[in-house]
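Okay, here's what each chain looks like letter by letter:
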Amino acid sequence: MRIKLLASLAAALFAAGAAIAQQPIKIGAFLSVTGGAAFLGDPEQKTLELYVEKLNAAGGILGRKLQLISYDSAGDAEKARTFAKRLIEQDKVDVIVGGSTTGETMAVVPLVEAAGMPFISLAGAVVIIEPVKKWVFKTPHTDRMACERIFLDMRARKIESIGLISGAGGFDKSMRAECLKVAPAYKIQIVADEAYGGGDTDMTAQLTKIKGTPGVQAVLNAGFGAGPAIVTKNFRQLAIGVPLYQSHGVASKEFIKLAGDAAEGVRLPAAALLVAETLPDADPQKKVVVGYSREYTARFKSDVSTFGGHAYDGLMLAVEAIRRSASTNKEAIRSALESIHGYVGTGGVVNMSAGDHMGLDVSAFRMLEVSKGNWVLVK
Amino acid sequence: MSAQLAQYLLSGLTVGAIYALVALGFAIIYNASHVINFAQGEFVMIGGMVSVSLANAGLPLPLAIPVAVLAAAAVGLALEKFAVEPARGASVVTLIIITIGASILLRGLATLVWDKNLHPLRPFSGDRPIELAGATILPQSLWVLGVTFAIVLLLGWFFGRTLTGKAMLATSYNPLAARLCGVNVRFVLLLSFGLSAALGAVAGILIAPITLTSWDVGVMLGLKGFAAAILGGLGSGAGAVAGGLLLGIAESLGAGYVSSAYKDAIAFVIILAVLFFMPSGLFGKKSAERV
Amino acid sequence: MGEPGFHRTEHVDWRTPRTGGMALLAAVVLVLPLALINNYWYEVAILVGINAIVCVGLNLLIGYAGQISLGHAGFFGLGAYGSAILTARYGWPPLAALAATTAGVALLALLVGRPILKLKGHYLAMATLGMGIIISIVVVTEDRLTGGPDGMSVPAFTLFGLGLAGERVWYWIVGAALLAAVWLALNLIESPAGRALRALHGSEVGAQVSGIDATRAKVAVFVISAVFASFAGSLSAHYSGFITPGKVGFFHSIELVTMVVFGGMASTFGAVIGAAALTLLPQLLTVLKEYEMVVFGAVMIATMVFLPRGFLPSLLIEIKKKGK
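These numbers come from a predicted model, not from an experiment.

Caption draft 1: Representation of the overall build of chain C in the model. Across its full length, chain C carries 14 helices and four strands. What you see for chain C is a C-alpha radius of gyration of 19 Å, in line with the 20 Å of a compact globule of 324 residues. On the principal axes, the C-alpha backbone points of chain C span a range of 50 × 45 × 40 Å. Restricting the contact set of chain C to residue pairs at least 6 apart, pairs at least 24 apart contribute 80%. A total of about 12900 Å² of accessible surface is found on chain C, and carbon and sulfur atoms cover 70% of it.

Caption draft 2: Spatial organisation of the interface of chain A and chain B. Opposite the 32 residues of chain A that make contact, chain B presents 26 residues. Ranking the residues of chain A by area buried against chain B places A:Thr201, A:Gln237 and A:Leu258 at the top, with a combined share of 24%. For the pair chain A and chain B, the interface holds six residue pairs in polar contact (both at pLDDT 80 or more). Of all the elements in the fold, those that place two or more residues in the side of chain A that touches chain B are α2 (38-57), β7 (189-195), α7 (204-211), α8 (227-237) and α9 (253-259) of chain A. Looking at side-chain class alone, the side of chain A that touches chain B contains 11 nonpolar, 12 polar and nine charged residues.

Caption draft 3: Local environment of the interface of chain C and chain B. Contact residues are listed per partner, giving 50 residues for chain C and 52 residues for chain B. Counting the surface lost from both chain C and chain B, the interface buries some 4700 Å², and carbon and sulfur atoms represent 79% of this. Connecting chain C to chain B are one residue pair in polar contact (both at pLDDT 80 or more). Going through the elements one at a time, α4 (94-116), α5 (121-141), α11 (250-263) and α13 (292-306) of chain C are the ones with two or more residues in the side of chain C that touches chain B. Ranked by residue count, the leading element in the side of chain C that touches chain B is α5(C), at 14 residues.

Caption draft 4: Structural context of the sheet that holds strand β4 (residues 119-121) of chain A. Residue and element names in this part refer to chain A. With parallel pairing, five strands are arranged side by side in an open sheet as β2-β1-β3-β4-β5. Strand pairing shows two members of the sheet lacking a second neighbour, β2 (66-72) and β5 (136-138), which therefore form its edges. Strand-to-strand, the axes of this sheet are offset by a mean angle of 25°, without reference to chain direction. Taken strand by strand, α2 contacts β1 (25-31), β2 and β3 (95-98), and its axis lies near 165° from that of β2.

Caption draft 5: Quick look at the side chain of A:Ser293. On the secondary structure map, A:Ser293 appears in helix α10 (residues 286-300). The contacts of A:Ser293, once residues within four sequence positions are left out, are A:Leu273, A:Ala276 and A:Val304.

Caption draft 6: Broad picture of the pairing of β2(A). Residues and elements named next belong to chain A. Counting buried residues along β2, five of its seven residues qualify, which places the element largely inside the surrounding structure. Across seven bridges, the pairing between β1 and β2 is parallel. Residue Phe30 lies in a different strand from β2, and its bridge partner there is Tyr71.

Caption draft 7: Representation of unusual backbone geometry within the structure. Residue and element names in this part refer to chain A. With an omega of 5°, the peptide bond running from Glu130 to Pro131 counts as cis. Tracing the sequence through the fold places Pro131 in the loop between β4 and β5. For Ala239, which is not a glycine, the phi torsion comes out positive at approximately 50°. By the secondary structure assignment, Ala239 is in the loop between α8 and β9 (244-246). Under the relative-accessibility criterion, Ala239 is labelled exposed at 55%.

Caption draft 8: View of the pairing of strand β13 (residues 366-371) of chain A. Residues and elements named next belong to chain A. A large share of β13 lies buried, amounting to five of its six residues. Direction of pairing for strand β10 (residues 267-270) relative to β13: antiparallel, over a ladder of four bridges. Within β13, the residue paired with Pro269 across the bridge is Met367. Between β13 and the antiparallel strand that follows it, strand β14 (residues 374-377), lie two residues; Lys372 among them carries a positive phi value of about 55°.

Caption draft 9: Looking closely at the state of the cysteines. All names here are of chain A. The final tally for this structure, using the stated rule, is one disulfide over all chains. With a sulfur-sulfur separation of 2.0 Å, Cys147 is cross-linked through a disulfide to Cys179. What sets the handedness of the Cys147 and Cys179 disulfide is the S-S torsion sign, and at about -90° it is left-handed. Here Cys147, found in helix α5 (residues 143-156), pairs with Cys179, found in helix α6 (residues 170-182); they are 32 residues apart in sequence, far enough to count as distant. The exposure class of Cys147 is buried, given its relative accessible area of 0%.

Caption draft 10: Local environment of the nonpolar core. C:Leu70, C:Met126 and C:Val182 are the most contacted members of the largest nonpolar core, which totals 192 residues. Here the element with the most residues in this core is helix α1 (residues 2-33) of chain B; it accounts for 15 residues. The next biggest cluster of nonpolar side chains, apart from the first, holds 128 residues, and it includes A:Leu87, A:Val112, A:Ala123 and A:Tyr292.

Caption draft 11: Examining helix α9 (residues 218-232) of chain B more closely. Residue and element names in this part refer to chain B. For α9, with 15 residues, the first-to-last C-alpha span of 20 Å sits near the 21 Å given by 1.5 Å per residue. Counting buried positions over the 15 residues of α9 gives 14, a clear majority of the element. Trailing α9 by a residue or two, Gly233 shows a phi angle of about 110°, which is positive.

Calculation rules
Residues numbered from 1 in each chain as written. Chains lettered and ligands numbered in written order. Predicted model: local features only at pLDDT ≥ 70, side-chain atom pairs only at ≥ 80, totals over all residues. Heavy atoms only, no water. Helix = DSSP H or I, 4+ residues; strand = E, 2+ residues; numbered from the N terminus. Rg over C-alpha atoms; globule rule 2.2 N^0.38 Å. Contact = heavy atoms within 4.5 Å. Areas by Shrake-Rupley, 256 points an atom, 1.4 Å probe, with all protein chains shown as cover. Buried area = accessible area lost by both parts, 1.4 Å probe. Polar contact = N/O pair within 3.5 Å; in protein donor to acceptor, adjacent residues only side chain to side chain. Nonpolar A, V, L, I, M, F, W, Y, C, P; charged D, E, K, R; others polar. Pairing = 2+ DSSP bridges. Axes fitted to C-alpha atoms, helices over the stretch in contact; angles between N-to-C directions. Buried < 20%, exposed > 50% of the residue type's maximum accessible area, 1.4 Å probe, protein only. Disulfide = S-S within 2.5 Å. Core = buried A, V, L, I, M, F, W, Y, C linked by side-chain atoms within 4.5 Å. Expected span 1.5 Å × (residues − 1).

Pasting the structure below:
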């Protein structure tokens, strides 16, 4: 009698254990797949789907399949909050990778901090990880790093005073503020500071003003989306004749297509992903970026984008943390994330720590220039 | 200094011509039906996007453009037939909601048919800037101004000299009387939507090489075109053109001399000022309220 | 109204089952928590409540007074940002900030309302549209004060030192506010002032001939609806802990008008239902994220063409027909 009882108990426990082992690891995501920030969220969504599929095909993680639960927040911070709450409370995910824009990310920060949910953001502003928040990480380079990288290149070209033009979006304003802040440290003087609106189709007025300001040796466009392409075309039209720098927000083949011939000679800081094929073989990032670039292009028949690359890094970091902690315990995942060193992603080599939840430094940014319709590395 | 001014004026005129075409579209529909078509901006978008698709598919521009215009006109006719006509006689609020709903629907369809990216269109005759009075203007801008001028003349001839055009005008003055005189008011309504859509599409195609096109270019252009129509006087064709050009120049000068950050607000501040102090606009007729 | 052209006066049913409806709404608010499984469901309920408060006020303007506002998200935004800025940047106690913001918005609506409401039809629509857009441009541009496009944090609401945070607490706050708003609206409609409004809707000239000061009545409703929106905005800011300009813009104004129109113009409970339906729609349609815009646009058109009176009044009419 007792043996039967013990046997059935053992069988039940075994079945339960097997059932738990079959439970998928849930990766939650909220991305701006539609709406004004769609060219962020769309490649991010595609990347997450593609690689969750690949990881599952290779057997999953810790013997369990991955399940992606992803919502479209359409660039709206309130929707992002509601969906994040849904992921935490209703879908009960193990980790969240998402937040295409800074506004959406910041709206969600109080939620993940209160709920103790590891969250890897895909947005750009430096405020996301400064000051450091316990549960919040991010993969993209900060806008401050972009400013610093650009200023370094300017100094190398003996440029000392510049004109600044930026748009009305969150990315634009945040980067403009950071550039104004760090410029003095690089001995760069900003003598003109113009702005354009979100849907503006003509920036010649603003550029004419900059052209007329004495002492402008270069122009920096802290912009994102449609604006920079139009700024570039207007810039050529007005024949302003000084170097033009763009932001990492338009680091894509798309930008060159849109700006056309006007893009020739434009420089910007970007991840190595854009020049994957032309990297020297000894470059530590070459294998990862070439791999991602080819797989994405083959599946989706469209150019690879740095934003998709950030999503790739986010997912891979989350998966690596889960592997290391050998569980889906949220605190374990969090500490594992903090301890990641030397991880090679599309954005650079990541070294996280308790005080640095992004793990990249300025060297992760390469300076690229448009030459004959393509991106080339500036030596 | 004056080179700067010349630059502001030239840029302002170019974008103003686009506002003028959009405003004309509003005016034509309003005249025929007293409906404000909030989906007008979407016709601009359709014109641009369809031309881009056709051009990418290999069709030469001179063929792609007329096809795109016809496609937009077809959408305009469909809009009238399926959304506006069933609600004929409804209140102002109802009609406003319908056309706003249509604009949202069209934008949603655009993201499904095409994508969410920006697309360039090849300039009609190259993009080497031309020097003029110390400022530069793109050849495409000359196309914009030239075609707009030609269209205004064409419309003037149409409404003044052809029977159909006069029928449309008659409908705008008094639909009942027009119907009594044998004008097919239903047909006039359809035609007005088709014509406005074609105008919007032409605007979209003209401007796409300069400003790029995407699924949501119609939103702001539609709103500003509407503002221009009100500035000129709702229902007046000459007013629409004048309003558009004035608005474009005001925006450009405002951005240059006052504040570039508030450029978008200029259009709407002007509108509020016009509505408060001069509601019938520059050329509009003062409407008498019927008891 | 009174424009030449196609014109058809709608016969609006003024009978609102006042006490019955209020009792039903109160019952729903009280009993609903039993069905709310986790904080996410509470959140959705709270969002519905906040939108409903704005819609009840907007419905007074659109449905009963027959006016239109395409810029009401501006008032909502002013309420939210007013409370946020006073508490976060100047350290005001939240209750004082709420009172000051509401009063400020009422004053603004009064000043702006007079010239705006002299306009009619499309001109009124355009003016309110312009007003709303100007407010949203200012909010986005003055980023030192408002945090710009990326938004700003809002401190929690404290009442006499007691912090009010968390979905459960806010459910009751918003529920109570909604019941109060509905009660106020219903009382306003039945009052002499309300009857003056309804006379306006029928025929403005007729009402004026009867001795009603049309402009004053319209401005009064405008101010009241602005106050409802501003109050809801302040609540929303403190509840979310974070606000962005997204809620101040043109699209949110359109959403609000759609909720009112869908639920039923000249129907306070219709406004609540409209708010509920269109707040829940995106949550339910998450699988169809690519089609959301298409569905939303189609809903707007279909409602206006087939159910011009809105959902609730049409439903009530059907029920009455079956009852015969």
